[in-house]
Amino acid sequence: DSVHLYVDETKTLAELNADWVLVHELSHLLHPYLVSEDSWLAEGIASYYQNVLRARNGLLDQQIAWKKLLAGFHRGEKQFSHNANLKDDTRRLMQERKYMRVYWSGAAIALLADVQLRLESGGQRSLDTVLGDFSACCLPTKNEKWRALELMKRFDELGRTNIFLPLYEKYVREAEFPSLQEAYRALGLTQTAAGVKFDANPEALHRTIMSAD
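Residues numbered from 1 in each chain as written. Predicted model: local features only at pLDDT ≥ 70, side-chain atom pairs only at ≥ 80, totals over all residues. Heavy atoms only, no water.

### Concerning the overall build of the chain
Across its full length, the chain holds 12 helices and 2 strands. Starting at the N terminus and walking to the C terminus, you meet the elements of the chain as α-α-α-α-α-α-α-α-α-α-α-β-β-α. Against the globule reference of 17 Å for 213 residues, the chain gives a C-alpha radius of gyration of 17 Å, in line with a compact fold. Taking the principal axes of its C-alpha atoms as reference, the chain extends roughly 45 × 40 × 35 Å. Considering the chain as a whole, with its 213 residues, one finds that 46% of them fall into the buried category. For the chain, long-range pairs separated by at least 24 residues make up 64% of all intrachain contacts whose partners lie at least 6 apart in sequence. Of the roughly 11,500 Å² that the chain leaves accessible, carbon and sulfur atoms contribute 49%. Seen as two clouds, the 26 positive and the 29 negative side-chain charges of the chain have centres 3 Å apart. (Helix = DSSP H or I, 4+ residues; strand = E, 2+ residues; numbered from the N terminus. Rg over C-alpha atoms; globule rule 2.2 N^0.38 Å. Buried < 20%, exposed > 50% of the residue type's maximum accessible area, 1.4 Å probe, protein only. Contact = heavy atoms within 4.5 Å. Areas by Shrake-Rupley, 256 points an atom, 1.4 Å probe, with all protein chains shown as cover. Lys, Arg positive; Asp, Glu negative; His and termini not counted. Charge placed at Lys NZ, Arg CZ, Asp CG, Glu CD.)

In structure tokens:
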């Protein structure tokens, strides 16, 4: 697995640092190559981490990173239809162009998994640790293609939990956009008419996720 990077030499360093594309593409290396009909998971993980990792490295303000995530979820929900589940929408992605629905549904599932892992483990486990454990045991994958269901089952095994498979059953097989309200409360985020209100507690989960260890 690799990323072939082209750099526009006419851009300033500030412009390059402000761009999300490289972080997104490098995030694909956190997991094995997935079959095209399961690209919702690959693009979801990358869309989630393109904001999280930039915030952790000081390239993006934490609150701005959260606002970008919430705006992405909103765009995804706007493209959602009760007539098709996520698996079907991903299979028809090129024909129907529902990129926001597919990418941001996957990112919402990544966030839900991360929040649940952190809450259930008292902060000892996270999406980071599960991906790290997967890398240690199973990467590189020697060119085989994985299915999302297979990968999420492995994530549950590595995380010693039952989080990923229920998320798959609820939001991939069923025609339902990921419900994020409980996760927002756990994170310390409140959506208001004026925007997003952040819990000021320095140990609030929204700060923990966006902070480098």
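### Observations concerning the nonpolar core
Within the largest apolar cluster, 55 residues are counted, with the highest numbers of intra-cluster contacts made by Trp 40, Tyr 48, Trp 66, Phe 73, Phe 164 and Leu 187. Looking at this core, the elements with two or more residues in it are α3 (39–56), α4 (62–78), α7 (99–120), α8 (127–138), α9 (148–159), α10 (164–171), α11 (181–187) and α12 (205–210). It is α7 that contributes the most residues to this core, 11 residues altogether. Leaving out residues up to four positions away in the same chain, Trp 66 has contacts with Leu 111, Leu 187, Leu 189, Phe 198, His 206, Ile 209 and Met 210. (Core = buried A, V, L, I, M, F, W, Y, C linked by side-chain atoms within 4.5 Å.)

### Digging into unusual backbone geometry
For the peptide bond that leads from Leu 139 to Pro 140, omega is -5°, which places it in the cis range. With respect to the secondary-structure elements, Pro 140 resides in the loop between α8 and α9. Within the chain, Arg 97 stands out as a residue other than glycine whose phi angle is a positive 60°. With respect to the secondary-structure elements, Arg 97 resides in the loop between α6 (93–96) and α7.

### With respect to the packing of aromatic side chains
This model, assessed by the stated rule, comprises 8 aromatic pairs. Among the aromatic residues, those joined into a cluster by ring pairs are Phe 134, Trp 146, Phe 155 and Phe 164. (Phe/Tyr/Trp six-rings, centres within 6.5 Å; stacked < 30°, edge-to-face > 60°.)

### Some remarks on the state of the cysteines
Across all of its chains, the model carries 1 disulfide by this definition. Two residues share a disulfide in this structure: Cys 137 and Cys 138, whose sulfurs sit 2.2 Å from each other. Judged by the sign of its S-S torsion, about -80°, the bond between Cys 137 and Cys 138 is left-handed. Taking relative accessible area as the criterion, Cys 137 reaches 44% and is therefore assigned partly exposed. (Disulfide = S-S within 2.5 Å.)

### Things to note about the environment of Asn 143
Tracing the chain through its elements places Asn 143 in the loop between α8 and α9. Of the residues examined, Asn 143 reaches a relative accessible area of 77% and is grouped as exposed. Along the backbone, Asn 143 and Glu 96 are 47 residues apart, and their C-alpha atoms lie at a distance of 29 Å.

### What to know about the side chain of Ser 27
In this structure, Ser 27 sits in helix α2 (residues 21–27). Other than its neighbours up to four places away in sequence, Ser 27 contacts Ala 46, Tyr 49 and Leu 53.

### Describing the pairing of strand β2 (residues 195–198)
In summary, the side chains of a regular strand alternate between the two faces of the sheet. Bridge count for strand β1 (residues 189–192) against β2 is 4 bridges, and the pairing is antiparallel. The partner of Thr 192 across the bridge, within β2, is Gly 195. Counting the residues in the hairpin turn of β1 and β2 gives 2 residues. (Pairing = 2+ DSSP bridges.)

### Structural notes on a nonpolar patch on the surface
Residues Val 3, Leu 5, Val 7, Leu 16, Leu 22, Leu 26 and Leu 29 make up a contiguous nonpolar surface patch of about 540 Å² in total accessible area. With respect to the element layout, Leu 26 can be found in helix α2. (Patch = residues over 30% accessible without salt bridge, like charges linked within 9 Å, V, L, I, M, F, W, Y side chains within 5 Å. Salt bridge = Lys/Arg side-chain N within 4 Å of Asp/Glu carboxyl O.)

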